[in-house]
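If you want the building blocks of each chain, they are given just below.
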Amino acid sequence: MNDATSVDSAPGIKEPDFSGIDRAALFAELARVLPADCLLIEHEDIKPYECDGLSAYRELPLAVALPREEAQVAAVLKICRKLGVPVVARGAGTGLSAGALPHKFGVILSLARFNRILKVDPAARLAVVQPGVRNLAISEAAAPFGLYYAPDPSSQIACTIGGNVAENSGGVHCLKYGLTVHNLIALRILTIDGELLELGSRAPDTPGFELLALFTGSEGLLGVVTEVTVKLTPKPQLAQCVLAAFDDVVKAGDAVAKIIAAGIIPAGLEMMDQPATAAVEQFVRAGYPLDAKAILLVEADGTPEEVAEEIAAVRKVLDGAGATEIRVSRDENERLKFWAGRKAAFPAAGRISPDYYCMDGTIPRRRLGEMLEAITQMEHKYGLRCINVFHAGDGNLHPLILFDANKPGELERTEEFGAEILELSVRLGGTITGEHGVGFEKINSMCVQFASPELTMFHRVKQAFDPAGLLNPGKAVPTLHRCAEFGRMHVHHGQLPHPDLPRF
Amino acid sequence: MNQLTQYYADTLRAAARGGGKVVPRGGGSKDFYGRATVGEILSLADYRGIINYDPTELVLTARAGTPLAEIEALLAEQNQCLAFEPPHFGSGATLGGAVAAGLSGPRRMQTGPLRDFVLGTKIMDGRGDILKFGGEVMKNVAGFDVSRLLAGSLGSFSLILEVSVKVLPRPPYEATLRMAVPEAEALARLNSWGGQPLPLAASAWYDGQLTLRLAGAHAAVDAACSKLGGSRLEADAASAFWNSVREQQDAFFGGGEALWRLAVPTTAAPLSVPGRQFIEWGGGLRWWKSDAPASVIRSAAQAVGGNATLFRGGDRRDERFTPLPLAQLRLHQGLKKAFDPNNVFDASRLYAELA
Ligand SMILES: Cc1cc2nc3c(=O)[nH]c(=O)nc-3n(C[C@H](O)[C@H](O)[C@H](O)COP(=O)(O)OP(=O)(O)OC[C@H]3O[C@@H](n4cnc5c(N)ncnc54)[C@H](O)[C@@H]3O)c2cc1C
C-alpha cells in the first residue's frame, strides 16, 4: 500500500551476512552453559553433522551443541540471539531436503539426547515425548495398550518426532490417518529468545490463532521443539492388502480415482511403476508381477467384518478398472511381504545405482499420466533413468532419479532433472514438496511455486517469531534476491514483482 | 469478481487512511460470536461460487461467500460431505464464515476439526494485497501453513477470499444408540471406547441420557451396536437429533442463561459449575447454561487444563475467549502486524488486547 500510515518495510529481500561472528566469544559462552561432553567444536567431532539424509549438500558448522536439559537449550538459544549466531536444530538427520544442513557461521543444536517418553496415557489416548524420541519408539511404547502413533514415514526406525513435526512428515497410511499435523495435540517450543511457548492443548480447541498448525512443517525456522504430545490411535484389529497389476500406468491411476469415487478411503493406496517393481524385486523378492506396467497396493483395516466388506468393494472396482491380476493377502505374513517391496524402494534404488535422488512433488491424481509421460521424456533429455513410487491416494509422487556422483556432470544433470519435475508439478496444479520439506534443496523451486508477495509474507511470519532471522536461515523460504538471481521468478498478475530489485 | 476485490482493497486502504476498522462478514449467521465488533461491515456475501469440485480428488474450492448449504447439496449429489460438520447457525452461513469461525460439529472427534480440512486459501491482507497459500492437493509442505492459521481467526487479520477444502465420502452406514447413564459413568465409558477400534462418530450426554452415533462400514456399525448396548433410534429421529445438536436447536440450548463452551481434555472429571450441562465430543466439549460469574466458569475449565468461551448471551464488551498468556499475546500481535500492519481489521472481536 503506497499510502501506508505505518512503517511496513519488507523483510527477506537479501540474505544477512553472518561472517563477522566472534567465534571465541561464542565458544566461551557456550562452554559456560554446556558441560564438556555437550559441546563439540573439533573438526573430527563435528564432521558427522555436515549433512542430513541428502548428502549431496555438505557444510561444517562452527559448533555442535548436544544439550540434555531444556534449560540448556534455552541458554544456547539466548547466547546465539545475543551474539547474532544462526541456529540449526537437528533430530536424527534423516531429512531428505537438507533442512538440517549446518550453517557455515552457525551452531547445530542437536536434540538427540532428548530421547525419553515422558508419559503414555491410554485413557486419554496420548503420549508425551521428548523431541529426540524415534517415531517407531512411540508406537512400541503404546502397543501394550492396543494403541499406536499413526504417521509412519518409511524412515520411522530412525527419524525423530521433533523432525517429523518440523517437516509435517507423512507415511503410507496418511490418506486415512492423516499427516503429522493431524496427529499432534500440543507442543512445547522455545523461541530464539529462549522463551517457552505452549502451542495447542489437551482440550480439543485452544484459544487464539491456530499456532500449532502454523508451526507444524515450519522446518526449524520458527522455534525449537522441546516436547511433543501426540495422539494415539486404536490399533485396527485386522489389516489386509490387495495387490493389483495393470498393463498400463494410466489405467492404474484411473483405478485409484475409481476406488475413491466408490466412497472408499483405504488405509494405504500406493503405486509403483515397472522399473520400480523390477528394482525392488531383485532386492526383496516380494513376488511382484514383473510383466505389469504398474502395480497398486490397497490396504483395508478395521474389524474383520469391515475389512471383508471393504476388500470385496475394492476387488470389484479393480476388476472393473481392468486389473490384469488381483491378489489378496491371505495372512499377516503375506501382507507384510506385499509391503516389503514398497518399503524397500529407496534402498533398492541405492542397490541398482551408485546414487539416487528422491523427488517429492504432489500433483492432482488425474494428472498422473501426463506427469509419467513427461518424466519418460526427461529421462531421454538428461540421459538418466528414473523409477517411480507414488503415494497414489494423496497424489504424492516420489520419482527416484538414478545417477553416479563420481561421473562428472551427472549430479548437476540430476538436479536439473529434479527441478524440471518440480516445475511441472506446480504447473499441473500441485506442489514442489508433499512431505520432505523445502530445506536448502528446493529453495529455488519455491520461487516457481510462490510469487514475491507470498514469499514476503512468509518472511514476515518468521519475523514475528524470530526477528533477527537466526533460526535455520537460508532454508525453506528464499529471499527475493535469490529468486531474482535464479531467474525463474513467479510472475504475479502479469507484472514482475519488485521491479526495483537488480536482476542477475 | 475483480470489481469486488478492487472494492475490498479500496475499502481496506480507505480504512487505513482514515483510521477506521473493517469487519469482514459472510452470511452474518455467526454475528453473535466473539466480542462486539467495531467498524464498518465488509460483506463477502456476493463473492460467491464454487470454482472447482473434483470428487475423485476429494477437494472442493469455493469463494468465501458461497453458502454452506449450496456446497453441502453439491457434495451430497456425489455422496460426499464436509466431514467436520460445520454448524450453520442460520440459513446464510458461508464457507468463508465457517473457516473464520473455526467451529466444528458433532463428528469432530472422529474426523478431526475444521482446520484439518483446510488445504488452501486465497486471502486479502490488510494492505489490500491478494495472496495464495496451500493449494488443492492433500499433501503440501511448501511454505508456512498460513491457510490453517486462518481457521478461527474471526477476520482479525485478513479477508478470506477463497478456500480449498478436503471433502470425504459420506459414511456408508450410520446408527444411533441411546442409553441411560450418569455423567461420570458416561465419561468413563466414552474414554474407554475411544481407545478401542470402534466407529464412534459422535456423542451427546444430557440429563442422564447418553446418545451415540456410529458411522462406518455396515458390518462394523452393527457389531458395535451389539457391543455397546442401549436402544436404537429410528433413522429420521436420529438425524433430526444430531442436526439439533449441530445447530444448537436442542431444547437444552434454550432459556435465558448465558451459554458457555468449555473445551477440556476428554478425561476431565465432571465439572462442578452452577447450571445445566450438555456434553459432546467424547467428553471434550462441555456446554453450560449458566449465569455464574465468568471467573468461576473459567477457573473450572482451567483447573482441568481446558478453556472456556462465553458463546452466547452475557455482555459482548467483556472478554469472550480465554485470555492469552503474555508471551502468546505478543506473538499474536506480531502475526497480526505481519498481515495487517495498519490495523484495519477489527481484532477486538477476538481479544481486546489485539485491537
Ligand atoms: C530412507 C528414508 C525414508 C524416508 N521416508 C519418509 C517418508 O515416508 N515420509 C516422510 O515424510 N519423510 C520420509 N523421510 C524423510 C525424513 O525421515 C523425515 O523428514 C523426518 O521427519 C526427519 O526427521 P529427523 O529427526 O531425521 O530430522 P532432521 O533431518 O534432523 O531435521 C529435519 C528438519 O527438522 C528440523 N528439526 C529437527 N528437530 C527439530 C526440533 N526439535 N525443533 C525444531 N526443528 C527441528 C531441522 O532443523 C530440519 O529442518 C525419509 C528419509 C529417509 C532417509
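All figures in this text were calculated on a predicted structure; none of them were measured in a lab.

Q: Any details on the packing of helix H13 (residues 368-382) of chain A against helix H14 (residues 410-427) of chain A? Residues and values, ideally.
A: For any two helices packed against each other, the geometry is given by the interaxial angle and the distance between the axes. All names here are of chain A. Orientation of H13 relative to H14, taken along the N-to-C sense of each, is 160°, at an axis distance of 11 Å. As the angle between them shows, H13 and H14 are arranged roughly antiparallel. For the pair H13 and H14, the crossing hand works out as right-handed. Only Arg413, Glu416, Phe417, Glu420, Ile421, Leu424 and Ser425 of H14 make contact with H13, whose side of the interface consists of Met371, Ala374, Ile375, Met378, Glu379, Lys381 and Tyr382. Taken together, the residues that form the contact of H13 with H14 break down as 8 nonpolar, 1 polar and 5 charged.

Q: If you had to explain the sheet that holds strand E10 (residues 173-180) of chain B to someone new, which residues and values would you point to?
A: All names here are of chain B. Overall, antiparallel pairing links the 8 strands, which are arranged E13-E10-E12-E11-E15-E16-E14-E17 in an open sheet. Each of the sheet's edge strands pairs with one partner strand only, and the pair in question is strand E13 (231-232) and strand E17 (307-312). Bridge analysis of E10 against strand E12 (residues 209-216) gives 8 bridges, and the strand direction is antiparallel. When the sheet's bridge partners are listed, Arg178 is paired in E12 with Thr211. Contacting E10, strand E11 (200-206), E12 and E13, helix H7 (residues 218-228) crosses the sheet at an angle of about 10° to E10.

Q: Explain the pattern of salt bridges to me, using residue names and the numbers behind them.
A: Inspection of the entire model under this criterion finds 44 salt bridges over all chains. Among the ionic pairs, A:Arg81 bridges to A:Asp193, the shortest N-O distance being 2.7 Å. In this pair, A:Arg81 is assigned in helix H3 (residues 70-83) and A:Asp193 in the loop between strand E8 (184-190) and strand E9 (196-200), connecting sequence segments 112 residues apart. Taking the relative accessible area as the measure of exposure, A:Asp193 reaches 34% and is therefore partly exposed. Notably, a salt bridge pairs B:Arg189 with B:Glu185, separated by 2.8 Å at the nearest N-O pair. Linking B:Arg189 with B:Glu185, this pair stays in helix H6 (residues 183-194), spanning 4 residues, or about one helical turn.

Q: So, the interface of chain B and chain A: which residues are in play, and what are the values?
A: Between chain B and chain A, the residue contacts involve 76 residues of the former and 86 residues of the latter. Summed over both partners, the interface of chain B with chain A buries about 6700 Å², with 62% contributed by carbon and sulfur atoms. On the chain B side of the contact with chain A, B:Lys139, B:Val141 and B:Phe144 bury the most area, a combined 14% of that side's loss. Taken together, the links from chain B to chain A amount to 7 salt bridges. A:Arg366 is paired through a salt bridge with B:Asp54; the nearest N and O atoms lie 2.8 Å apart. Put simply, chain B and chain A have 22 residue pairs in polar contact (both at pLDDT 80 or more) between them. In terms of residue class, the side of chain B that touches chain A is built from 38 nonpolar, 22 polar and 16 charged.

The rules behind these values
- Residues numbered from 1 in each chain as written.
- Chains lettered and ligands numbered in written order.
- Predicted model: local features only at pLDDT ≥ 70, side-chain atom pairs only at ≥ 80, totals over all residues.
- Heavy atoms only, no water.
- Axes fitted to C-alpha atoms, helices over the stretch in contact; angles between N-to-C directions.
- Helix = DSSP H or I, 4+ residues; strand = E, 2+ residues; numbered from the N terminus.
- Parallel < 35°, antiparallel > 145°, perpendicular 65-115°, else oblique.
- Left-handed = near helix turned anticlockwise from the far one by under 90°.
- Contact = heavy atoms within 4.5 Å.
- Nonpolar A, V, L, I, M, F, W, Y, C, P; charged D, E, K, R; others polar.
- Pairing = 2+ DSSP bridges.
- Salt bridge = Lys/Arg side-chain N within 4 Å of Asp/Glu carboxyl O.
- Buried < 20%, exposed > 50% of the residue type's maximum accessible area, 1.4 Å probe, protein only.
- Buried area = accessible area lost by both parts, 1.4 Å probe.
- Polar contact = N/O pair within 3.5 Å; in protein donor to acceptor, adjacent residues only side chain to side chain.

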